[in-house]
Amino acid sequence: MVKKIGTLKDLTKYVIFSITVVLIYTIAEFITSTITGLSHDVLSGCVYSFWGGEMVLLALIKIFKIRRE
């Protein structure tokens, strides 16, 4: 028996993982910028755009899978 890849439960787990990564990065960036006085603007932009894009794409996948079923 072959397991379907990309079920809604798997997508939900990945969304939770993505939100967790963004929260951990935000806390770590806040702590390091408070201690050192430097901010990592380019790195922050890259992290937020990548994970934000991932969450938008996963939301679109969920919307279209629900409509199709």
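So, here's what we can say about the structure. (Residues numbered from 1 in each chain as written. Predicted model: local features only at pLDDT ≥ 70, side-chain atom pairs only at ≥ 80, totals over all residues. Heavy atoms only, no water.)

## As for the overall build of the chain
Check the secondary structure of the chain and you find 2 helices and 0 strands. By residue count, 14% of the 69 residues in the chain fall in the buried class. Across the chain, every contact between residues at least 6 apart in sequence was considered, and the portion connecting residues at least 24 apart equals 61%. Per element, the accessible surface of the chain, about 5,600 Å² overall, is 75% carbon and sulfur. (Helix = DSSP H or I, 4+ residues; strand = E, 2+ residues; numbered from the N terminus. Buried < 20%, exposed > 50% of the residue type's maximum accessible area, 1.4 Å probe, protein only. Contact = heavy atoms within 4.5 Å. Areas by Shrake-Rupley, 256 points an atom, 1.4 Å probe, with all protein chains shown as cover.)

## Quick word on the packing of aromatic side chains
This structure, assessed with the given rule, holds 5 aromatic pairs. Between Phe17 and Trp51, the ring centres sit 5.8 Å apart and the planes meet at 75°, which makes this aromatic pair edge-to-face. Pair noted here: Phe17 is in helix α1 (residues 8-36) and Trp51 is in helix α2 (residues 41-68), with a separation of 34 residues, a long-range link. Owing to a relative accessible area of 44%, Phe17 belongs among the partly exposed residues under this scheme. (Phe/Tyr/Trp six-rings, centres within 6.5 Å; stacked < 30°, edge-to-face > 60°.)

## Describing a nonpolar patch on the surface
There is a patch of nonpolar side chains on the surface, built from Val56, Leu57, Leu60, Ile63 and Phe64 and spanning about 450 Å² of accessible area. For Val56, the location among the structural elements is in helix α2. For Val56, a relative accessible area of 48% corresponds to the partly exposed category. (Patch = residues over 30% accessible without salt bridge, like charges linked within 9 Å, V, L, I, M, F, W, Y side chains within 5 Å. Salt bridge = Lys/Arg side-chain N within 4 Å of Asp/Glu carboxyl O.)

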